[in-house]
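Chain residues, written in single-letter form:
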Amino acid sequence: MHDPIYRRLFGYRRMVADLLRVVGDAALLREVDLEALEKLPADYVGDRGQQRRGDTVWRVSYRGGSLYLLILLEFQSTSDSLMALRNLEYTTLLYRELERRSELGSPGAWPTVLPVVLYNGETRWTAELEMRELIAPVPHWLEPCQPSQRSLLLDERRVPVDDLPLGNLIRALVGFEQSRSPDELAQVAVAVNDWLRERPEPGLADVFVDWMHQIAARMARAGELAPLGRNLEEAAMTLVERVAQWPEQWRREGVAQGRREGVAQGRREEAADRLAWERGMLSRQAALRFGSLVGDQIRTLLNDTEDWDHLARVAELVISAASGRELTDAVTAFLRTNQQPNAN
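Conventions adopted
Residues numbered from 1 in each chain as written. Predicted model: local features only at pLDDT ≥ 70, side-chain atom pairs only at ≥ 80, totals over all residues. Heavy atoms only, no water. Helix = DSSP H or I, 4+ residues; strand = E, 2+ residues; numbered from the N terminus. Contact = heavy atoms within 4.5 Å. Areas by Shrake-Rupley, 256 points an atom, 1.4 Å probe, with all protein chains shown as cover. Phe/Tyr/Trp six-rings, centres within 6.5 Å; stacked < 30°, edge-to-face > 60°. Buried < 20%, exposed > 50% of the residue type's maximum accessible area, 1.4 Å probe, protein only. Core = buried A, V, L, I, M, F, W, Y, C linked by side-chain atoms within 4.5 Å. Salt bridge = Lys/Arg side-chain N within 4 Å of Asp/Glu carboxyl O. Axes fitted to C-alpha atoms, helices over the stretch in contact; angles between N-to-C directions. Parallel < 35°, antiparallel > 145°, perpendicular 65-115°, else oblique. Left-handed = near helix turned anticlockwise from the far one by under 90°. Nonpolar A, V, L, I, M, F, W, Y, C, P; charged D, E, K, R; others polar. Polar contact = N/O pair within 3.5 Å; in protein donor to acceptor, adjacent residues only side chain to side chain. Patch = residues over 30% accessible without salt bridge, like charges linked within 9 Å, V, L, I, M, F, W, Y side chains within 5 Å. Expected span 1.5 Å × (residues − 1). pLDDT = per-residue confidence, 0-100.

**A look at the overall build of the protein**
Then, number 1: The number of helices and strands found in the protein is 13 helices and seven strands.
Then, number 2: Expressed as a percentage of contacts within the protein between residues at least 6 apart in sequence, the contacts between residues at least 24 apart total 63%.
Then, number 3: In the form shown here, the protein has an accessible surface area of approximately 17,600 Å², with 48% of it arising from carbon and sulfur atoms.

This is the structure we're talking about:
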């Protein structure tokens, strides 16, 4: 788990708001003001002097009044069988802290606590999230006497990325966690760069860059991946360019195989896959420089391009163009001149 990175990410209001949009239901979202989220200290000291540290705590207006929704985020890398108990402990310590600050309120008007567990372990989460489920069954009349609190869970390795809303930074978080290659990481970086370009959040891009460095370093073999840039666009572009260098050998092999008479069908299919991969890489490079709309236009223009030399020329245009319009015009003109079917 990347605890320091996560604590930095969830120090930003937009990350917490996007998390609530993913794990909260419609009724909750109607009753909270996500623009008024306020970060609180996460260090609590119990009655006997013991110190417990939650990861991130935020407060938000709830039901339009003076009550508070306190969000307790717990970041775990393994399925913790005691998570429900731990969250109950944190909640108790939080109430004690509010009492010390004279912010608890009168009985019956205490603030609501919503524990949210972010989990990125390799195995599926199996631990109980309801405190009452940890207690042995009791007669019906004893049930109200037992402690009860349920936590919400985001199992990052198993939630389908496509089920998460576009533009929501939790989709980027999950995409980073599920990336298994520099190519996949670069695709997520393109999307994050787009979303933060549309709605800038000062400093947040830097945290994603630092996380990209960590993930890319783990993916690369020794000496295989040069340092990435210091801003998100530069880091993503550098990663895309590094990955884009890999198909050069594929290009030579693919051309030779494609022209060799009697080549096996499997070889032809492999060469086609490599061409498709390179077209996708060029569209991602264009999206990084000029936004996803331009990236989609380049993807459409290159859809039927099967000439490696033509793709190499488009790569040069992506780098040299001063604007998205200039790029699409130049690619369109080049492909039309060379009789490419999609250059209309």
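**Points about the packing of aromatic side chains**
Then, number 1: Overall, the coordinates contain six aromatic pairs when judged by the stated rule.
Then, number 2: Residues phenylalanine 176 and phenylalanine 208 carry aromatic rings whose centres are separated by 5.6 Å and whose planes lie at 75° to one another, so their mutual orientation is edge-to-face. Taken as a pair, phenylalanine 176 in helix α5 (residues 169-178) and phenylalanine 208 in helix α7 (residues 204-219) lie far apart in primary sequence, 32 residues in all. Of the two residues examined, phenylalanine 176 and phenylalanine 208, each falls in the buried class.
Then, number 3: Taken together, the aromatic side chains of Tyr6, Phe10, Phe176, Phe208 and Trp211 make up a single cluster linked through ring pairs.

**Some details on the nonpolar core**
Nonpolar side chains in soluble globular proteins tend to be buried together.
Then, number 1: Among the nonpolar cores identified, the biggest contains 55 residues, and Leu9, Phe10, Met15, Phe176, Phe208, Trp211 and Met212 are the most heavily contacted of them.
Then, number 2: Once residues lying within four places of it in the same chain are set aside, the contact partners of methionine 212 are Phe176, Leu185, Ala189, Leu228, Leu232, Ala235, Ala236 and Leu239.
Then, number 3: Residues Leu301, Leu302, Leu311 and Val318 belong to the second largest nonpolar core, which totals 19 residues.

**Let's talk about the pattern of salt bridges**
Then, number 1: According to the stated counting rule, one finds 16 salt bridges in the structure shown.
Then, number 2: The salt bridge involving arginine 150 is made with glutamate 130; its shortest N-O contact spans 3.9 Å. A residue pair is termed long-range when its members are at least 10 positions apart, and arginine 150 in the loop between β6 (112-119) and β7 (152-155) and glutamate 130 in the loop between β6 and β7 qualify at 20 residues.
Then, number 3: According to the relative accessible area criterion, glutamate 130 is buried, its value standing at 10%.
Then, number 4: One salt bridge in this structure joins aspartate 329 and arginine 325, with 3.1 Å as the shortest N-O distance. Placement of both aspartate 329 and arginine 325 in helix α13 (residues 324-337) is noted, with a separation of four residues, approximately one turn of the helix.
Then, number 5: Take aspartate 329: its relative accessible area is 40%, and that puts it in the partly exposed class.
Then, number 6: With a relative accessible area of 63%, arginine 325 lands in the exposed category.
Then, number 7: Among the charged side chains, a network of salt bridges with common partners joins Glu38, Arg59 and Glu103.

**Looking at the environment of leucine 154**
Then, number 1: Along the chain, leucine 154 turns up in strand β7.
Then, number 2: When its relative accessible area of 5% is taken as the criterion, leucine 154 is described as buried.
Then, number 3: A C-alpha to C-alpha distance of 5.1 Å links leucine 154 and leucine 118, two positions 36 residues apart in sequence.
Then, number 4: Setting aside its immediate chain neighbours within four residues, leucine 154 contacts Leu19, Val22, Val23, Val117, Leu118, Tyr119, Val159 and Ile170.

**Observations concerning the packing of α5 against helix α6 (residues 182-198)**
Then, number 1: Here α5 crosses α6 at 165°, and the two axes come no closer than 9 Å. By the criterion of interaxial angle, the relationship of α5 to α6 is roughly antiparallel. Here α5 runs over α6; the crossing is left-handed. Contacts from Leu169, Arg171, Ala172, Gly175, Phe176 and Gln178 of α5 reach α6 at Glu184, Leu185, Val188, Ala189, Val192, Trp195 and Leu196.
Then, number 2: Per-class residue counts for the contact of α5 with α6 are nine nonpolar, two polar and two charged.

**Considering the environment of valine 16**
Then, number 1: Following the sequence through the fold, valine 16 ends up in helix α2 (residues 13-23).
Then, number 2: Beyond its immediate stretch of four places on either side in the chain, valine 16 contacts Phe10, Leu37, Trp58 and Ile71.

**Points about unusual backbone geometry**
Then, number 1: With phi around 60°, serine 102 is a residue other than glycine that occupies positive phi space.
Then, number 2: For serine 102, a relative accessible area of 68% gives the class exposed.

**So, the side chain of threonine 91**
Then, number 1: Summarising the element assignment, threonine 91 is placed in helix α4 (residues 83-100).
Then, number 2: On the basis of relative accessible area, threonine 91 is assigned to the buried category, the value being 5%.
Then, number 3: Among the polar contacts made by the side chain of threonine 91, one reaches the main-chain carbonyl oxygen of asparagine 87 at a distance of 2.7 Å.

**What about a nonpolar patch on the surface?**
Then, number 1: Together, Leu82, Leu85 and Leu134 make up an exposed nonpolar region whose accessible area comes to about 230 Å².
Then, number 2: Relative to the assigned elements, leucine 85 resides in helix α4.

**Quick word on α7**
Then, number 1: With 16 residues, α7 ought to run about 22 Å at 1.5 Å a step, and its terminal C-alpha atoms sit 23 Å apart, in line with that.
Then, number 2: Residues of α7 that are buried include every one of Leu204, Val207, Phe208, Val209, Asp210, Trp211, Met212, Ile215 and Ala216, and no others.

**Describing the confidence of the model for the protein**
Then, number 1: The pLDDT averaged across the protein works out to 80; a share of 78% of its residues lies at or above 70.
Then, number 2: In the predicted structure, residues 246-265 sits below a pLDDT of 50 and forms 16 contacts with residues beyond four places in sequence or in another chain.

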